Each structure stands twice: as C-alpha cells, then as structure tokens.
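Residues per chain are reported as follows:
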Amino acid sequence: MKIFTTKAAVGQYLSQIKASGKTVGFVATMGALHQGHLSLIELAQKHNDVIICSVFVNPSQFNDPKDLEKYPRTIEADIKLLEQGNCDILFNPGVNEMYDDNEQWHLNIGETEHLLEGEFRPGHYQGVTQVVYKLFNIVKPDAAYFGQKDYQQFLIISKMVDMLNMPVKMVMCPIKRETDGLAMSSRNIHLSADDRLHALVLSKTLNFIKDKFDSHGIPALKQEAAHLINAERGVELDYFEIADGDTLHTATPDSEKIVALVAAKVGKTRLIDNVMLKS
C-alpha cells in the first residue's frame with residue numbers, strides 16, 4: 001500500500017493511474033478504522049481498479065472542541081487494517097496540508113443541514129461538505145463510498161455533488177453491525193462494558209419499529225420508540241424520527257423512501273443508527 005501525506009504527491013500519483021485508463025474508488029474516513037470501513041473498501045474493489053482511503057480527523061466538522069480532542073486516533077492500527085483489506089493507497093494529510101489560516105466556507109445546502117443531526121450539531125455539515133469538497137478535488141474519484149449509518153451525511157454530500165456538478169458517483173453501503181446488532185462505529189471504543197449493553201436498545205428499537213411498520217401509524221411508532229429508549233438506563237435520547245428518505249421531514253404515506261433514524265448519548269458517548277423501512 002502506498003502512503004501519501006501531501007496533496008501534490010497523491011494528486012500526481014492518481015493522475016498517472018487515471019492516464020492509464022484505470023478507475024478510482026474512494027473511501028473517506030476519520031480513522032479509528034473497523035470492519036465497517038473495510039466493508040466499504042470491499043464494495044469499492046468490486047467496481048474499481050484502484051482504491052484510495054483517506055484518514056483525516058477534520059476539525060471543521062466538530063462543534064465541540066472536547067469531542068475533537070477525544071476522537072480516537074489510531075493511525076498505526078489503521079494502516080495494518082488497510083493492508084489486510086488490500087487497499088491500494090492511503091492519503092493521511094495533516095491539518096495544515098488541508099486548511100489555510102482563516103479559511104472560509106459556506107455552501108447553501110438548504111434546510112436538510114439543520115434537521116436531526118444539524119439541530120444537535122450546528123455547523124457540522126458545513127464542515128463535512130468543506131472537507132469532502134477538498135478531498136474530491138484532490139482525489140478526483142470515479143466513485144465514492146459512504147456508510148448508510150451516516151444517512152443524513154450521505155444525503156448532504158450527494159446534494160453538494162449535484163449542486164457543484166462534481167463527476168463523482170455516490171454509493172451508499174449497508175450498515176455493518178456487530179453480532180449483537182450494535183452498528184459499528186469508531187466511537188464504540190469509548191463505551192464501557194455497561195454502556196455497550198445499554199447501547200443495544202438503539203438497534204433493538206429500530207428492528208422493533210421495522211417489524212411493526214406496516215401495521216402501526218407513524219406517530220404511535222415514534223412514541224413507542226421514544227418510550228423504549230428512554231426506559232433504558234444510561235441512555236439519553238436526542239431524537240427518534242421516522243423520516244422521508246429524501247427530505248428527512250417526518251414521513252407521510254406518499255413518501256417513496258422511509259427511514260427511521262435515532263441519535264442518543266449512551267454514557268458519555270453519542271451514537272447514531274438507522275434502518276430503512278421503505279425503499
């Protein structure tokens with residue numbers, strides 16, 4: 001696996017690859033890699049000649065400095081995992097390589113950025129679009145692979161790609177779960193043994209809603225979900241929404257896609273999860 005830390009070097013290498021007619025698949029990460037990330041790389045390998053993964057903890061998408069400070073950084077383990085997954089290229093830049101001093105960014109991505117995650121993490125999606133725009137311009141991938149766990153992020157990046165006419169195919173990949181149902185996440189490393197057990201209420205509640213979806217109304221299901229999660233010790237619910245898969249407003253019978261999304265603090269760790277109810 002080739003490792004690059006500068007935009008110039010990785011850009012030059014990738015331009016040579018593209019000049020030879022090969023396609024490039026891209027997986028953007030913030031590191032602390034796990035099998036969920038490897039599943040994105042595996043899917044990318046089926047449809048592309050060369051796979052590049054980036055590891056960059058992006059400061060502009062954190063609205064809480066403490067959250068940025070404690071975000072896990074495990075680059076040595078990440079490199080080993082990427083090598084096991086036969087990733088071809090790692091781009092691992094520093095903050096100074098990605099950002100100039102006092103750099104400004106604002107993309108008018110509409111109300112979607114202020115719903116759900118956006119309400120609890122103001123400014124988060126401006127930071128996400130800022131760094132992904134930079135990464136897409138550096139890597140110039142044919143296709144980019146993102147996990148369904150960050151469903152709202154996928155919607156917003158897809159909108160940015162459309163707005164800016166970026167020639168990148170966006171691919172949403174299924175959520176990878178532990179055997180007990182917990183969605184894989186870099187943040188799971190912060191869960192105590194007790195937290196880990198309590199966190200299972202999120203996936204259990206999503207599955208419960210999925211099972212009941214055809215026979216119960218949306219308001220009743222949302223109420224029941226909130227009750228189940230709030231009854232779990234050590235879990236503080238931020239939101240549970242049954243949303244239109246395109247707008248993230250509360251779903252209606254006319255919604256073509258419907259997704260149930262949840263966010264909650266388990267102990268001191270904030271987790272998100274979702275499940276498609278209709279697609």
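Computed from a predicted structure; not experimentally measured.

*Asks:* So what's going on with the pattern of salt bridges? Which residues, and what values?
*Replies:* Once the charged atoms of two side chains with opposite charge are near each other, the side chains can pair. The full count for this structure, using the stated rule, is nine salt bridges. The partner of Arg 187 in a salt bridge is Asp 67, and the shortest N-O contact between them spans 3.0 Å. Taken together, the residues Arg 187 in the loop between strand S6 (169-173) and helix H9 (193-212) and Asp 67 in helix H3 (residues 65-70) connect sequence positions 120 residues apart. As far as burial versus exposure is concerned, Arg 187 and Asp 67 are alike and both buried. One salt bridge in this structure joins Lys 257 and Asp 246, with 3.4 Å as the shortest N-O distance. Highlighted residues: Lys 257 in the loop between strand S7 (235-244) and strand S8 (258-266) and Asp 246 in the loop between S7 and S8, separated in sequence by eleven residues. When its relative accessible area of 29% is taken as the criterion, Lys 257 is described as partly exposed.

*Asks:* I'd like a description of the packing of H9 against helix H10 (residues 218-230), backed by residues and values.
*Replies:* Relative to each other, H9 and H10 sit at 155 degrees, their axes nearing to 10 Å. By the criterion of interaxial angle, the relationship of H9 to H10 is roughly antiparallel. Classified by chirality, the crossing of H10 by H9 is right-handed. Each of Val 201, Leu 202, Thr 205, Phe 208, Ile 209 and Lys 212 in H9 lies in contact with H10, whose residues at this interface are Leu 221, Glu 224, Ala 225, Leu 228 and Ile 229.

*Asks:* So what's going on with the sheet that holds S7? Which residues, and what values?
*Replies:* Strand order in the open sheet formed by three strands is S7-S8-S9, and the pairing between neighbours is antiparallel. Taken across any chain shown, the strands that pair with only one partner, and hence form the sheet edges, are S7 and strand S9 (269-278). Strand after strand, the sheet turns through a mean of 15 degrees between neighbouring axes, direction not considered. Sheet analysis places S7 next to S8, joined by nine bridges and oriented antiparallel. Residue Glu 241 lies in a different strand from S8, and its bridge partner there is Leu 261. Running over the sheet, H9 touches S7, S8 and S9 and is turned about 20 degrees from S9. Docked against the sheet, H10 engages S7 and S8, running at close to 160 degrees with respect to S7.

*Asks:* Describe the sheet that holds strand S1 (residues 2-4), and please don't skip the residues or the numbers.
*Replies:* Within the open sheet, the six strands sit side by side as S1-S4-S3-S2-S5-S6. Their pairing is parallel. Pairing within the sheet leaves two strands with one partner each, and these edge strands are S1 and S6. Each strand axis lies, on average, 25 degrees off the axis of its neighbour in the sheet, ignoring direction. As judged from the five bridges shared by strand S5 (residues 143-147) and S6, these two strands associate in the parallel manner. In the sheet register, Ala 143 faces S6, and the bridge partner there is Lys 169. The sheet strands contacting helix H1 (residues 7-19) are S1, strand S2 (24-29), strand S3 (50-55) and strand S4 (89-91), and the helix crosses S4 at an angle near 150 degrees. Where helix H2 (residues 35-47) meets the sheet, it contacts S2, S3, S5 and S6, and its direction lies at approximately 150 degrees from that of S5.

*Asks:* I'd like to hear about the nonpolar core, residue by residue, with values.
*Replies:* In this structure, Ile 52, Phe 136 and Ile 157 are the most contacted members of the largest nonpolar core, which totals 33 residues. Those elements giving two or more residues to this core turn out to be H1, S2, S3, S4, helix H7 (124-139), S5 and helix H8 (151-163). Per element, the largest residue contribution to this core is eight residues, and it comes from H7. Residues within four places of Ile 52 in sequence aside, it is in contact with Val 10, Leu 14, Val 24, Gly 25, Phe 26, Val 27, Cys 87, Ile 89, Phe 91 and Val 139. Counting 26 residues, the second-largest nonpolar core is a separate cluster that includes Leu 206, Leu 237, Ile 258 and Ala 264.

*Asks:* Please give an account of the packing of aromatic side chains that cites residues and values.
*Replies:* According to the stated counting rule, one finds six aromatic pairs in the structure shown. With a centroid separation of 6.2 Å and 70 degrees between ring planes, the pair formed by Phe 26 and Phe 136 is classed as edge-to-face. Here Phe 26, found in strand S2, pairs with Phe 136, found in helix H7; they are 110 residues apart in sequence, far enough to count as distant. Per residue, the accessibility class of Phe 26 equals that of Phe 136, and both read buried. Pairing Phe 62 with Tyr 71 gives two aromatic rings, centres 5.8 Å apart and planes at 75 degrees, and the pair type is edge-to-face. The buried category is assigned to Phe 62, whose relative accessible area is 12%.

*Asks:* Lay out the pairing of S2 in plain terms, naming residues and giving numbers.
*Replies:* The buried fraction of S2 amounts to five of the six residues, a majority that puts the element mostly inside the structure. Relative to S3, S2 runs parallel, the two sharing six bridges. Following the sheet pairing, Phe 26 is matched in S3 by Ile 52. One crossover worth recording links S2 to the parallel S3 by way of H2, and it is right-handed. Across two bridges, the pairing between S2 and S5 is parallel. When the bridges of S5 are listed, Gly 25 appears paired with Ala 143.

Rules of the game
- Residues numbered from 1 in each chain as written.
- Predicted model: local features only at pLDDT ≥ 70, side-chain atom pairs only at ≥ 80, totals over all residues.
- Heavy atoms only, no water.
- Salt bridge = Lys/Arg side-chain N within 4 Å of Asp/Glu carboxyl O.
- Helix = DSSP H or I, 4+ residues; strand = E, 2+ residues; numbered from the N terminus.
- Buried < 20%, exposed > 50% of the residue type's maximum accessible area, 1.4 Å probe, protein only.
- Axes fitted to C-alpha atoms, helices over the stretch in contact; angles between N-to-C directions.
- Parallel < 35°, antiparallel > 145°, perpendicular 65-115°, else oblique.
- Left-handed = near helix turned anticlockwise from the far one by under 90°.
- Contact = heavy atoms within 4.5 Å.
- Pairing = 2+ DSSP bridges.
- Core = buried A, V, L, I, M, F, W, Y, C linked by side-chain atoms within 4.5 Å.
- Phe/Tyr/Trp six-rings, centres within 6.5 Å; stacked < 30°, edge-to-face > 60°.
- Right-handed = clockwise from strand over helix to strand, strands pointing away.

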